Amino acid sequence: MIIKTTKNIPASEITDPLIFKNRRKIIKAMAATIAAGAGIAPAWANSANPVWADLPKSDLSADLLTPTPAEIIKNYTNYYEFAFNKQDATKLAQNLNTDAWSVEISGEVENPGSYYLEDILSRQTLQEYIYRFRCVEAWSMVVPWVGFPLGDLLKTVKPLSTAHFVKFTAVHQPEIMPRQHSNAMLDWPYVEGLRMDEAMHPLTILAVGMYGDILPKQNGAPLRLVVPWKYGFKNIKAIVKIELLKKPPLTSWSQFAPKEYGFYSNVNPAVAHPRWSQSSERQLGSGFFTPRRQTELFNGYGEQVASLYRDMDLRHFF
Amino acid sequence: MILQIDNLRPKLIIGCLIPLLWLLADIVFDNLGANPIQALHIRLGDWALRFLCITLVITPLQTMTKWRGMADYRQLFGLYAFFYATLHVLAYLLIDHALVWHMIGTDIIESPYIWFGVLAYVIVFLLALTSPKWAKKRMGKNWKKLHRFIYLAAVAAVIHYFWQLKGNLAEPLFYSIIVFLLLSFRVLAWVKNRQLMKMMIPTSRRALALAEEKSMMLETARKRR
């Protein structure tokens, strides 16, 4: 299978990697000086010394995308386990303890077991993936994730031929998650799912960082799913369990409002949410009087993923 | 007392502009968060709905308490509801969509929650248009009929608020309770009046109602003077 990058960029438009790298270093140094003076962390990092400062960029990264400023990404995220509004969720998510994290991998696999995240990472190659992120609430951003292909992890546990779907379960900690504690809205813990071919697709990654540093807790630390052609809520945060199944799992939002959120939830401007249009999106970081961006089918990743849904009625399988 | 109330008008006119000044300050100092345009929509919509509720709460308040004279300001609050609703609509068209009409068209057609916003705005617009005294005079009985649609506007506005949300339903819930209470007050008052009319028995309540009518007559007399 040939994986093309999002756009065919003429060679003349590609910045020489050396220049690019140097430029980055210069900007970083400048920002660090400014930050040191102002007493704040540089915009791309969560700490002064990012863990993965010079990570190679994945070929799948769309080079032309400019990442949304980290401050915006870090302050505009839904985390319903903590709160239904983004400000409180961001604040409360800091209570999550992500130390000694382990992930249980089970179901239709040859090597089920519980794996420490550290051990998982020691066997994976991390890369930077600059992806578009489109929320079902009709806003979008561009995130420079740090992660590895989900498929690479699944291969290590050897899926059986009976594995047709992947179920992801997020952390359940009602003692620090107020909305889990009060059993509010969704059936906790949060569950998401993918079809096996979607899970094995090279665009699908598990992210452990962004902007070269460890994921902020509100953005899904320590391990989250990123499927760039699907709506944001499919990108489950703080994963503790991955199960390979014969049948599709019942996913959280789909269970809560089956007419509004389907299993697939592929970004599709032609299929409106029952209550609002999905035809356009507000790009975070864009200013007043700037038109909205016209939403693309599969969030612009159609070239790579459209074949997964070739004979499917996307209106029916929304 | 009357003098004091008359002094209130300029204060209210300026006071009702505070939310706008506050919003402008937040724009200037970049205090609207990561999605300022969304924040702008919510702030302006919130104030439109708040002024609508204030407009509607005056009559029940006057009936339940001895507080009088507020009815003079109903129009002012109503016009401010229209003012903030207009800014809300303009922000949508200009600031969010930059007047790209084909995108605006698709957005409105595909978004049922916007239909309710449009309904609420059309009503408030008509009410604002017919708000001057001469319009009231010319319309006669129809004026009251038209202006009762303010309740429909309030309900539509609350649905508009509710339907655009995925979660975080606390605030629209708060407004829907307020609007529900205001509406049920009116319905109760209407039912009671009808019963009283039928029975024509001067009970203590009827006496109260009479007293209220009298005070209202006095008020109109005062205004004419």
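Rules of the game
- Residues numbered from 1 in each chain as written.
- Chains lettered and ligands numbered in written order.
- Predicted model: local features only at pLDDT ≥ 70, side-chain atom pairs only at ≥ 80, totals over all residues.
- Helix = DSSP H or I, 4+ residues; strand = E, 2+ residues; numbered from the N terminus.
- Contact = placed C-beta atoms within 7 Å.
- Pairing = 2+ DSSP bridges.
- Axes fitted to C-alpha atoms, helices over the stretch in contact; angles between N-to-C directions.
- Nonpolar A, V, L, I, M, F, W, Y, C, P; charged D, E, K, R; others polar.
- Left-handed = near helix turned anticlockwise from the far one by under 90°.
- Core = buried A, V, L, I, M, F, W, Y, C linked by C-beta atoms within 7 Å.
- Buried ≥ 20, exposed ≤ 12 C-beta atoms within 10 Å, placed from the backbone.
- Expected span 1.5 Å × (residues − 1).
- Bend = angle between axes of the 7 residues up to and from the residue.
- pLDDT = per-residue confidence, 0-100.
- Parallel < 35°, antiparallel > 145°, perpendicular 65-115°, else oblique.

J.: Any details on the overall build of chain B? Residues and values, ideally.
T.: Within chain B one finds 11 helices and zero strands. In sequence order, the secondary structure elements of chain B are arranged as α-α-α-α-α-α-α-α-α-α-α. Of the contacts made within chain B by residues no fewer than 6 positions apart, 66% connect residues no fewer than 24 positions apart.

J.: Any chance you could break down the sheet that holds strand 10 (residues 239–245) of chain A for me, citing the residues and the numbers?
T.: All names here are of chain A. Across the sheet, five strands lie side by side as 2-1-10-5-6; this open sheet has mixed pairing. Where the open sheet ends on each side, the last strands, each with one partner, are strand 2 (113–116) and strand 6 (191–195). Looking at each pair of strands side by side, their axes are set apart by 20 degrees on average, direction ignored. Across six bridges, strand 5 (residues 165–170) lies against strand 10 in antiparallel orientation. The partner of Phe168 across the bridge, within strand 10, is Ile242.

J.: How would you summarise the pairing of strand 10 of chain A if you had to cite specific residues and measurements?
T.: Here strand 1 (residues 102–107) of chain A runs beside strand 10 of chain A; their pairing, made up of four bridges, is parallel. Each bridged residue has a counterpart across the sheet, and for A:Ile105 the counterpart in strand 10 of chain A is A:Ile242.

J.: Go over the interface of chain B and chain A with me, naming the residues and quoting the values.
T.: Counting from both sides, the interface comprises 23 residues of chain B and, opposite them, 22 residues of chain A. For the side of chain B that touches chain A, the secondary-structure elements that each account for two or more residues are helix 3 (36–64), helix 4 (74–96), helix 5 (101–110) and helix 6 (112–129) of chain B. Considered class by class, the residues forming the side of chain B that touches chain A number 10 nonpolar, nine polar and four charged.

J.: Tell me about the packing of helix 3 of chain B against helix 9 (residues 150–163) of chain B, and name the residues and values.
T.: Residues and elements named next belong to chain B. Between helix 3 and helix 9, whose axes approach to 11 Å, the crossing angle comes to 150 degrees. The chirality of how helix 3 crosses helix 9 is left-handed. Contact with helix 3, carried on its side by Gly45, Leu49, Leu52, Thr55 and Leu56, involves Ile150, Ala153, Ala154, Ala157 and Tyr161 of helix 9 and no other residues of that element. In terms of residue class, the contact of helix 3 with helix 9 is built from eight nonpolar, two polar and no charged.

J.: So what's going on with the nonpolar core? Residues and values would help.
T.: Residues A:Trp145, A:Ile205, A:Leu206, A:Ala207, A:Met210 and A:Ile239 are the most contacted members of the largest nonpolar core, which totals 74 residues. Among the nonpolar cores identified, the runner-up in size contains 32 residues, and B:Ala48, B:Phe51, B:Phe82 and B:Ala153 belong to it.

J.: Give me the lowdown on helix 3 of chain B, citing residues and values where you can.
T.: What sets the pattern is the α-helix's 3.6 residues per turn: residues three or four places apart point alike. Under the 1.5 Å per step criterion, the end-to-end length of helix 3 of chain B is 41 Å for 29 residues, consistent within 8% with the ideal 42 Å. Of all the bends in helix 3 of chain B, the largest measures some 30 degrees and sits at B:Val57, one to four residues before the proline B:Pro60.

J.: An account of the confidence of the model for chain B is needed here, citing residue identities and associated values.
T.: Counting all residues, the mean pLDDT for chain B is 88, and 88% of those residues have values of 70 or more. Reported confidences for the modelled complex are a pTM of 0.83 and an ipTM of 0.80.

J.: Let's hear about the pairing of strand 5 of chain A: which residues, and what values?
T.: Moving residue by residue along a regular strand, the side chains alternate between the two faces of the sheet. Residue and element names in this part refer to chain A. The element strand 5 is extensively covered by neighbouring structure, given that six of its six residues are classed as buried. Alternating residues of strand 5 divide into Phe165, Lys167 and Thr169 and Val166, Phe168 and Ala170, and every residue in both groups is buried. Bridge analysis of strand 5 against strand 6 gives five bridges, and the strand direction is antiparallel. Paired with Val166 across the strands is Leu194, a residue of strand 6.

J.: Give a description of the environment of B:Asp72 that names residues and reports values.
T.: Residue and element names in this part refer to chain B. On the secondary structure map, Asp72 appears in the loop between helix 3 and helix 4. Its 15 C-beta neighbours within 10 Å are what place Asp72 among the partly exposed residues. On a C-alpha basis, the gap between Asp72 and Ile58 in space is 9.7 Å, while along the polypeptide they are 14 residues apart.

J.: Explain unusual backbone geometry to me, using residue names and the numbers behind them.
T.: Residue and element names in this part refer to chain A. The step from Trp188 to Pro189 runs through a cis peptide bond, and the omega angle for that step is -5 degrees. By secondary structure assignment, the location of Pro189 is in the loop between helix 6 (178–181) and strand 6. With an omega dihedral of 0 degrees, the bond running from Ala221 to Pro222 counts as a cis peptide bond. Mapping Pro222 onto the fold places it in the loop between strand 8 (213–214) and strand 9 (224–226). Despite not being glycine, Lys158 shows a phi value in the positive range, around 55 degrees. Mapped onto the elements, Lys158 comes out in the loop between helix 5 (150–156) and strand 5. The backbone of Ala238 sits at a positive phi, close to 40 degrees, despite the residue not being glycine. Secondary-structure assignment places Ala238 in the loop between strand 9 and strand 10. Judged by C-beta crowding, with 26 C-beta atoms within 10 Å, Ala238 ranks as buried.

J.: Break down the packing of helix 3 of chain B against helix 10 (residues 170–199) of chain B for me, with residues and values.
T.: All names here are of chain B. The interhelical angle for the contact between helix 3 and helix 10, taken along N-to-C directions, is 30 degrees, at an axis separation of 10 Å. In terms of their interaxial angle, helix 3 and helix 10 are classed as roughly parallel. Classified by chirality, the crossing of helix 10 by helix 3 is left-handed. Facing helix 3, whose interface residues are Leu49, Cys53, Leu56, Val57 and Pro60, helix 10 presents Tyr175, Ile178, Val179, Leu182 and Phe185.

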